[in-house]
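Now for the letters of each chain:
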Amino acid sequence: MIFVRPASIIELAAALAEKEGKTILAAGCTDILPGKIGRPWDADRIIDLTHIPELQQIAVENNELFIGSCCTHAQIAENGLVQKYFKALAEACAQVGSVQIRNRGTIGGNVANASPAADTMPCLILFGAEREVIGENGECITGFCLPLPEDPSADSGTPVSAFAKLGDRDIVTVARIQLAAKSVIKDGRLSAVSVVLGAAGQTPYFCEEAAQVLEGSRAEEELLEPFAAALAEAIEAHIPGRTTLAYKRSAVKGPAAEILKKLSLELYY
Amino acid sequence: MIIKFVLNGELVSPDLDPSRRLIDILRENFFLTGAKEGCGEGECGSCTVLMDGLPVHSCLVLAGQLEGHEVLTVEGLVQNGELDLLQNAFVENNAVHCGFCTPGMIMSAKGLLMKNQDPSEAEIREALSGNICRCSDYRQIVMAVKDAAKRLREVSL
Ligand SMILES: Cc1cc2nc3c(=O)[nH]c(=O)nc-3n(C[C@H](O)[C@H](O)[C@H](O)COP(=O)(O)OP(=O)(O)OC[C@H]3O[C@@H](n4cnc5c(N)ncnc54)[C@H](O)[C@@H]3O)c2cc1C
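Residues numbered from 1 in each chain as written. Chains lettered and ligands numbered in written order. Predicted model: local features only at pLDDT ≥ 70, side-chain atom pairs only at ≥ 80, totals over all residues. Heavy atoms only, no water.

## Some words on the overall build of chain B
Logical step 1: Of regular secondary structure, chain B possesses five helices and five strands.
Logical step 2: For chain B, the succession of helices and strands along the chain, N to C, is β-β-α-β-β-β-α-α-α-α.
Logical step 3: In terms of overall dimensions, chain B is globule-like: its C-alpha atoms have a radius of gyration of 15 Å, near the 15 Å expected for 157 residues.
Logical step 4: With the C-alpha coordinates aligned to their principal axes, the bounding extent of chain B is approximately 45 × 35 × 25 Å.
Logical step 5: Counting across all 157 residues of chain B, residues that qualify as buried make up 50%. (Helix = DSSP H or I, 4+ residues; strand = E, 2+ residues; numbered from the N terminus. Rg over C-alpha atoms; globule rule 2.2 N^0.38 Å. Buried < 20%, exposed > 50% of the residue type's maximum accessible area, 1.4 Å probe, protein only.)

## Quick notes on the domain arrangement of chain B
Note: interface size is frequently given as the accessible area lost on complex formation between the parts.
Residue and element names in this part refer to chain B.
Logical step 1: For chain B, the domain assignment lists domain 1 (5–77) and domain 2 (85–156).
Logical step 2: Here the C-alpha centre of domain 2 lies 20 Å away from the C-alpha centre of domain 1.
Logical step 3: The interface formed by domain 1 and domain 2 contains zero salt bridges.
Logical step 4: The greatest single-element share of the side of domain 1 that touches domain 2, amounting to three residues, is contributed by strand β3 (residues 48–51).
Logical step 5: Of the residues belonging to the side of domain 1 that touches domain 2, the class tally is seven nonpolar, seven polar and three charged. (Domains from an automatic or database assignment. Salt bridge = Lys/Arg side-chain N within 4 Å of Asp/Glu carboxyl O. Nonpolar A, V, L, I, M, F, W, Y, C, P; charged D, E, K, R; others polar.)

## Considering the interface of chain A and chain B
Logical step 1: Contacts between chain A and chain B engage 29 residues on the former and 32 residues on the latter.
Logical step 2: Between chain A and chain B, a total of about 2,300 Å² is buried, with carbon and sulfur atoms accounting for 58% of that surface.
Logical step 3: On the surface where chain A and chain B come into contact, there are three salt bridges.
Logical step 4: Between B:K115 and A:E78 there is a salt bridge; the shortest N-O distance is 3.7 Å.
Logical step 5: If you look at where chain A meets chain B, you find 11 residue pairs in polar contact (both at pLDDT 80 or more).
Logical step 6: For the side of chain A that touches chain B, the leading source of residues is helix α5 (residues 99–104) of chain A, giving six residues.
Logical step 7: Of the residues belonging to the side of chain A that touches chain B, the class tally is 14 nonpolar, eight polar and seven charged. (Contact = heavy atoms within 4.5 Å. Buried area = accessible area lost by both parts, 1.4 Å probe. Polar contact = N/O pair within 3.5 Å; in protein donor to acceptor, adjacent residues only side chain to side chain.)

## A word on the packing of helix α9 (residues 224–238) of chain A against helix α11 (residues 253–268) of chain A
Residues and elements named next belong to chain A.
Logical step 1: With their axes 9 Å apart at the nearest point, α9 and α11 run at an angle of 130 degrees to one another. Between α9 and α11, the crossing angle belongs to the class labelled oblique. Taken as a pair, α9 and α11 cross one another with a handedness that is right-handed. The residues of α11 that touch α9, namely those facing L224, E225, F227, A228 and L231, are K253, A256, A257, I259 and L260. (Axes fitted to C-alpha atoms, helices over the stretch in contact; angles between N-to-C directions. Parallel < 35°, antiparallel > 145°, perpendicular 65-115°, else oblique. Left-handed = near helix turned anticlockwise from the far one by under 90°.)

## Regarding unusual backbone geometry
Logical step 1: Phi at A:A114 is positive, roughly 55 degrees, even though this residue is not glycine.
Logical step 2: Classification of A:A114 by relative accessible area gives exposed; the value is 56%.
Logical step 3: One non-glycine residue, B:N80, lies in positive phi territory at about 50 degrees.
Logical step 4: If you trace the backbone, B:N80 turns up in the loop between β5 (70–72) and α2 (85–92).

## Observations concerning the layout of surface pockets
Residues and elements named next belong to chain A.
Logical step 1: In this model, the largest pocket occupies a volume close to 1,200 Å³.
Logical step 2: Elements with a minimum of two residues in the lining of the largest pocket: β2 (23–26), α6 (107–113) and β7 (140–147).
Logical step 3: With five residues, the top contributor of residues to the lining of the largest pocket is α6.
Logical step 4: Of the residues that constitute the lining of the largest pocket, the class distribution is 20 nonpolar, 18 polar and 12 charged.
Logical step 5: Put simply, the second largest pocket is a space of about 840 Å³. (1 Å grid on protein atoms, 1.4 Å probe; cavity = no way out; pocket = protein on both sides within 12 Å on 5 of 7 lines; lining within 4 Å. Points joined across faces, edges and corners; volume = space filled by probe spheres on them.)

## Points about the packing of aromatic side chains
All names here are of chain A.
Logical step 1: Summed over all chains, the structure comprises three aromatic pairs over all chains.
Logical step 2: Considering the side-chain rings of F86 and F127, the 4.9 Å spacing of their centres and the 75 degrees angle between planes classify their relative orientation as edge-to-face. You can see F86 sitting in the loop between α3 (80–85) and α4 (87–94) and its partner F127 sitting in the loop between α7 (121–126) and β6 (130–134), a full 41 residues away along the chain.
Logical step 3: For F86, a relative accessible area of 1% translates into the label buried.
Logical step 4: Connected via pairs of aromatic rings, a cluster forms that spans Y85, F86 and F127.
Logical step 5: In this structure, K36 packs its charged tip against the face of W41, placed 4.6 Å from the ring centre. (Phe/Tyr/Trp six-rings, centres within 6.5 Å; stacked < 30°, edge-to-face > 60°. Lys NZ or Arg CZ within 6 Å of the ring centre and 35° of its normal.)

Set out below in structure tokens:
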């Protein structure tokens, strides 16, 4: 087994360009290593991504927030810029696995592993994140660029967002449903609402009808029924006939209520 | 591959297969058997150690990733043959039953107390939510951590 530990993007690019048989990219290893006790590697080479400072950066660049692919969930959840501009993502990262998982698991690994229950995905989609990659086939993610919302002003309003996750347990749980929403508060009302549903289909998707229910509102409690109904319809359209459909149609009310509550708190405080 | 890292306060540079897991290195190369393999999947937390002060699963870290890092295991808490304040709190609060999960529990609690010397019960439970105990009661464990936090605050006054 060849083990390569690049210390910069340049060294990483050079390592990726070398053809050394089957290669595994290793970040936090929280998806790669579970269950690997005593089992041989199905690879000839491991490229470690955890010693490259550029991949661990969170910084504003040209009206975008760059989040390096090797930033851990804990780092993202605690980052002031993420909390300020992309609260839903901070909330999602704060709910990934346990403390130990959040201290190692990375956003790049979460996306590359491509689980339908990956908690960062609905938020990255909600915020229109673009992935940056390197390698001949773009096989290595270096980071994500999230367009910054406009600075709050009377004209543009105050950007807000929220994330809710439903699992089998309250914490340390795999998502059965994720809901992420963003909006701008203008004249005390929600405007430009977008809603993304996750873990309710192969990939997360926007739910325009549910967003319409909240548009122009003050996230009043009475909206829960129509909001949840619109989400249930979207779920039905994405997983028709699936055994989990009946459960998800009804259970979506939980995260829907949480999102309404979080948005209404933003409106009043 | 020679891998240089700090283990329980001492700089070490063993020649290791970088694709092995940290838990195997600790147990088989350094004979530090405090960290236990429960599930090998990051679910049970009994292999928890601190890496640069943060709780991590030693079953989910590759030896090759240790270069330049600091690892603290439950053995490293003992100073001059004396148990750490947190370990004593576990003993005195009967927070140990079969003991298999204890080193992991203690290291998760240590990670919390290094950041926060006055955690609420909710914060303690959150910090320990990745550590499973199958035979005793979580109440004594939470009490032990509260007790340790209190003593720590007294010592640092
Ligand atoms: C107990 C437990 C609980 C968990 N709970 C959750 C949860 O609540 N929510 C959730 O979403 N996930 C959860 N996970 C899954 C996992 O922790 C996350 O998906 C994590 O973000 C994976 O990141 P990593 O750095 O550990 O990836 P790794 O295991 O290092 O890699 C995962 C895959 O991605 C590839 N990869 C890694 N980085 C890159 C990159 N930069 N470019 C291209 N490919 C790359 C690897 O080659 C590999 O195929 C859990 C896992 C465990 C074991």
